[in-house]
Amino acid sequence: MKFIKVFGVFKMKILLLIFLLFQTAFVFGLVNFQYEPIVITKTELDAVQSISENEWLDFVHRGIESDNQEKSLELNLYNANVTVQNGTISHAQLLDTLPNDEALRDSEVADKILKSSVYIYNSKCAPQGVSGERCEAILGGQDLPRKSELYSECQKVLQSRRDAHYPFRRLLPRHYIDGFYRMYSENLPKPLSISKELCENRKEQHVGNGEGPQLSLAIVQWAQFISSDLSKTVVTSMSNGMPIECCSNQNYRLQPRHYHPACAPLIRENTNNRYGLATCLNYVRSALAVGNTCSFAAPEQLNQATADLDMSPLYGFTESSRRRIRLYKNGLLKSTNAEQARNSLLPMVTKEAHHFCAHRLDKEGSNRTSCFMAGDSRVNSNPFTITLYTLFMRNHNQLAMDLKKAHPQWDDEKLYQHAKLINTDIYQRIVFKEWLVTVLGKGMVNEIDKEQRKRTKDKLEPKHQVSNEFAIAASRFYLSMMPNVLHNYALKDTYTPNSDPPTDIFTLKEQLYNTNISYTSNKIDAILNAILHQRTMNMDNSYVESLVPDSARRPTHSDALAFDIQRGRDHGLQPYYKYLEICTNVKISKWDDLKQFIANEDIEKLKKVYQNWQDIDLIVGGISEIPAKDAAVGPTFQCIIAEQFAQIPRLDSNKIDVYNDNEINLNQYKDISGHDLICRNSNLKYVSSNIFEISNENPPISC
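Residues numbered from 1 in each chain as written. Predicted model: local features only at pLDDT ≥ 70, side-chain atom pairs only at ≥ 80, totals over all residues. Heavy atoms only, no water.

### Quick word on the overall build of the protein
Part 1 of the reasoning: Check the secondary structure of the protein and you find 22 helices and 13 strands.
Part 2 of the reasoning: Residue pairs in contact within the protein that sit at least 24 positions apart in sequence constitute 77% of those at least 6 positions apart.
Part 3 of the reasoning: Carbon together with sulfur atoms contributes 47% to the accessible area of the protein, which is approximately 29,400 Å² in total. (Helix = DSSP H or I, 4+ residues; strand = E, 2+ residues; numbered from the N terminus. Contact = heavy atoms within 4.5 Å. Areas by Shrake-Rupley, 256 points an atom, 1.4 Å probe, with all protein chains shown as cover.)

Here it is, written out as structure tokens:
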């Protein structure tokens, strides 16, 4: 908990701030994330308390004026065509973080608040020796001037908020040089250098070379969808909605006059390049969000997703995205063949394809790739995501058709809502009862269940906010486990164990938002079958080459690890060791203290990258850890993921009206497992009872 000792008229507002921070930081029954005490003296408080009403208004005016100056720069950049071009590496990156109109409006207001707050810090706090951290804490208790236009804009944002578009919350305080927004980067190794050192000599090793169960690629596939369901960090955009580009089209540095203030590009010096040009990959700082009240201080980053497991990547985060995916007939979602749900594919994009795929045009100037549509821009991220979205879409439509037969009098809206409800319930049950048990271990899942029951009993409202640490680091553990290649395991009418994969279905780097696979129902079956039979890569501190470009050549795709490291710094996450200490209750004071959590080989790799163990980024430290007992992740990510899932409200199927409908018995849907979901929505003959593990005790069984 964060304690602030205050004097004077700000006391009540600061106490309210303390309460909000306590609510954010304290986790009942799991891990207690505590803030370090901050003591504010009367002198420090007077630095802000002495500001007059007219001065508050003037600071707001300066913030708005600074925002207008930025718009003038953006116009010059737009006229110079310095923006993300379709089919480039930056375009593929953008689709992972594509903002919608609601996010653009929220971020613009939050940016004005930030600029106004920084003006106060520079003119009132810093000259009197008040640190940025203390100044930010004081400003958090100060409302925006109610006479200002900015206050009105802020109120409109808060009043229009629904399930999505909330700021991320924090498990530990923000970590910035100035206490507000300035990133720690000058004295830290560059993300591209870290990625190069960690990934260059990676060994192609699969999990479970010894005894015991091995993890199937379904664990990766579902992890990516679940991560997308709970979080979507989006980038800052120009005021006209155009995406910001921080590098040239050839991935070199831009000239200074073309540099947008939101740019923090990933740079690697090319010592062997005769032109002396450095590699540059686009990184635009994340969009900001108005806080839960209209006050000064540093806004948090925006989460465009909902904080519920509600399948919003399929169904959409906003009303416009929900309308886009619906057929508006018999409760169905759009597909290539709605009448044959088991063999249907996702609908193809009909317009604005650049919002879903990073098209590369062929010599004839046309695009020859598939580009699917769903409620989220990330649907075409790779074949793993396309396949799971397809399964969920098929299941919804089969449910809608079942309901239509039983209730011919129901209209489209009722059929759609009931099918969505059952589909979401099935999804949640698989997540909590199967996927989460494999990722965190049964013991930790039991702790989550206890916490959720307690919250229900105490009638505590669920939080509408996802932790920054979960979204930016812990939820992305699956990237370390992704393979370069998906092997083709022959589809057979009878199960034959230990069959060797003769061919490959795809190489991952060729499919990132620009698939060249000709999707058919049979191809979906082949990918599903391979995902269930192929083991994940080892959990370690590196990604495969499909996610990390060759450092000796010009990049052909983005560097996912470097991007994740930079985003952690952008979001002001604390260093890895601080989370490790809280999650394990072990004090870290030297490199050797990490040996009980990280293998010696991986510690030596980290030493080559980081001069100090205190500098290790959360994402790097988390994927470096040895998995906890019966879990797929190490203790730090285990406790951060558990903390988040303890906050997620779950549907109770015993209370869902459709399950108790007097006109039809739908008990057949209440216990659908991952095995059943795949059997219902594909043509596979055999599927393992536990789709997330591969072992002799878990052989594929007949559908």
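So that's the structure; there's more coming.
### Observations regarding empty space enclosed by the protein
A water-sized probe, rolled over the atoms, reveals where empty space remains.
Part 1 of the reasoning: Evaluated as defined, the whole model comprises 3 cavities of 30 Å³ or more.
Part 2 of the reasoning: Reported here for the largest cavity is a volume of approximately 570 Å³.
Part 3 of the reasoning: Along the wall of the largest cavity there are 35 residues; nearest its centre are Asp96, Ser381, Arg476, Tyr513 and Ala560.
Part 4 of the reasoning: Sorting the residues of the lining of the largest cavity by element identifies helix 4 (89-96), helix 9 (218-230), helix 12 (383-406), helix 15 (468-472) and helix 17 (560-570) as the ones contributing at least two each.
Part 5 of the reasoning: Split into classes, the residues belonging to the lining of the largest cavity amount to 14 nonpolar, 13 polar and 8 charged.
Part 6 of the reasoning: Taken together, Val84, Ser90, Gln93, Leu94, Thr97, Val235, Pro243, Ile244, Asn282, Tyr283, Val284 and Phe563 make up the lining of the second largest cavity. (1 Å grid on protein atoms, 1.4 Å probe; cavity = no way out; pocket = protein on both sides within 12 Å on 5 of 7 lines; lining within 4 Å. Points joined across faces, edges and corners; volume = space filled by probe spheres on them. Nonpolar A, V, L, I, M, F, W, Y, C, P; charged D, E, K, R; others polar.)

### Details of the pattern of salt bridges
Part 1 of the reasoning: Going through the model one piece at a time under the given rule, you end up with 35 salt bridges.
Part 2 of the reasoning: A salt bridge links Glu319 to Arg322, with the nearest nitrogen and oxygen atoms 3.6 Å apart. With Glu319 and Arg322 both in helix 11 (residues 319-325) and 3 residues apart, this pair spans about one turn of that helix.
Part 3 of the reasoning: Look at Arg322 and you get partly exposed, because its relative accessible area is 21%.
Part 4 of the reasoning: The partner of Lys590 in a salt bridge is Asp593, with the nearest N and O atoms 3.1 Å apart.
Part 5 of the reasoning: The class for Lys590 is partly exposed, based on a relative accessible area of 43%.
Part 6 of the reasoning: Overlapping salt bridges, with partners in common, bring together Glu136, Arg170, Arg174 and Glu300 in one network. (Salt bridge = Lys/Arg side-chain N within 4 Å of Asp/Glu carboxyl O. Buried < 20%, exposed > 50% of the residue type's maximum accessible area, 1.4 Å probe, protein only.)

### Structural notes on the environment of Asn681
Part 1 of the reasoning: Tracing the chain through its elements places Asn681 in the loop between helix 22 (674-680) and strand 11 (686-688).
Part 2 of the reasoning: In this structure Asn681 comes out as buried when scored by relative accessible area, which is 0%.
Part 3 of the reasoning: Sequence separation between Asn681 and His396 is 285 residues; the distance between their C-alpha atoms is 9.9 Å.
Part 4 of the reasoning: With near-sequence residues (within four places) excluded, Asn681 lies in contact with Arg342, Leu391, Arg394, Asn395 and Gln398.

### Notes on the nonpolar core
Part 1 of the reasoning: Residues Trp222, Trp435, Phe477 and Phe645 are the most contacted members of the largest nonpolar core, which totals 137 residues.
Part 2 of the reasoning: Residues contacting Phe645, with those up to four places away along its chain left out, are Ile226, Leu230, Leu309, Val431, Phe432, Trp435, Leu436, Ile448, Gln452 and Phe470.
Part 3 of the reasoning: Membership of the second largest hydrophobic core comes to 34 residues, among which are Val109, Val130, Tyr181 and Ala297. (Core = buried A, V, L, I, M, F, W, Y, C linked by side-chain atoms within 4.5 Å.)

### Brief notes about the packing of helix 13 (residues 412-440) against helix 21 (residues 635-645)
Part 1 of the reasoning: The contact between helix 13 and helix 21 brings their axes to 11 Å, and the two run at 160 degrees. Comparing the axis directions of helix 13 and helix 21 gives the class roughly antiparallel. For the element pair helix 13 and helix 21, the recorded crossing hand is left-handed. Note on element contacts: helix 21 touches helix 13 through Gln638, Ile641, Ala642 and Phe645, opposite Val431, Phe432, Trp435, Leu436, Val439 and Leu440.
Part 2 of the reasoning: When its residues are assigned to classes, the contact of helix 13 with helix 21 shows 9 nonpolar, 1 polar and no charged. (Axes fitted to C-alpha atoms, helices over the stretch in contact; angles between N-to-C directions. Parallel < 35°, antiparallel > 145°, perpendicular 65-115°, else oblique. Left-handed = near helix turned anticlockwise from the far one by under 90°.)

### Things to note about the state of the cysteines
Put plainly, two cysteines are in a disulfide when a covalent bond ties their sulfur atoms together.
Part 1 of the reasoning: Taken as a whole and assessed by the stated rule, the structure comprises 7 disulfides.
Part 2 of the reasoning: At a sulfur-sulfur separation of 2.0 Å, the disulfide partner of Cys154 is Cys294. Taking the sign of the torsion about the S-S bond as the criterion, the disulfide between Cys154 and Cys294, at about -100 degrees, is left-handed. Highlighted residues: Cys154 in helix 7 (residues 149-160) and Cys294 in the loop between strand 7 (288-289) and strand 8 (300-303), separated in sequence by 140 residues. For the pair shown, Cys154 and Cys294 are each scored as buried.
Part 3 of the reasoning: The disulfide that involves Cys246 links it to Cys263, with 2.1 Å between the sulfurs. Its torsion about the S-S bond being -90 degrees, the disulfide of Cys246 and Cys263 is classed as left-handed. Of this pair, Cys246 sits in the loop between helix 9 and strand 5 (266-268) while Cys263 sits in the loop between helix 9 and strand 5; the two residues are 17 residues apart in sequence, bridging distant segments of the chain. The pair formed by Cys246 and Cys263 is uniform in burial state, with each residue classed as buried. (Disulfide = S-S within 2.5 Å.)

### Brief notes about the environment of Phe392
Part 1 of the reasoning: As for its placement among the helices and strands, Phe392 is situated in helix 12.
Part 2 of the reasoning: Among the residues examined, Phe392 registers a relative accessible area of 1% and is labelled buried.
Part 3 of the reasoning: Considering only alpha carbons, one finds Phe392 and Leu314, 78 residues apart in sequence, at a separation of 7.7 Å.
Part 4 of the reasoning: Dropping the residues within four chain positions of it, Phe392 is found in contact with Trp222, Phe225, Met311, Leu314, Asn423, Tyr427 and Leu677.

### Topic: the sheet that holds strand 7
Part 1 of the reasoning: Strand order across the open sheet formed by 3 strands is 3-8-7, with antiparallel pairing between neighbours. Of all strands in the sheet, those bounded by a partner on one side alone are strand 3 (166-167) and strand 7.
Part 2 of the reasoning: Looking at chain direction, strand 7 and strand 8 are connected through 2 bridges and run antiparallel. Its bridge partner lying in strand 8, Leu288 is registered against Gln301. (Pairing = 2+ DSSP bridges.)

### Looking at helix 4
An α-helix turns once per 3.6 residues; consequently, residues spaced three or four apart project the same way.
Part 1 of the reasoning: Buried residues dominate helix 4, accounting for 7 of its 8 residues.
Part 2 of the reasoning: Burial in helix 4 covers these residues: Ile89, Ser90, His91, Ala92, Gln93, Leu94 and Leu95.
Part 3 of the reasoning: Those residues of helix 4 that are buried are in contact with strand 6 (279-281) and helix 17.

### So, the packing of aromatic side chains
Part 1 of the reasoning: Inspection of the entire model under this criterion finds 20 aromatic pairs.
Part 2 of the reasoning: Measuring from ring centre to ring centre gives 6.2 Å for Phe470 and Phe645, while their planes differ by 80 degrees; the resulting arrangement is edge-to-face. Linking Phe470 in helix 15 with Phe645 in helix 21, this pair joins segments that are 175 residues apart in sequence. There is no split in this pair, since Phe470 and Phe645 are both buried.
Part 3 of the reasoning: An aromatic cluster of at least three residues, connected via ring pairs, comprises Trp222, Phe225, Tyr389, Phe392, Tyr427 and Phe692. (Phe/Tyr/Trp six-rings, centres within 6.5 Å; stacked < 30°, edge-to-face > 60°.)

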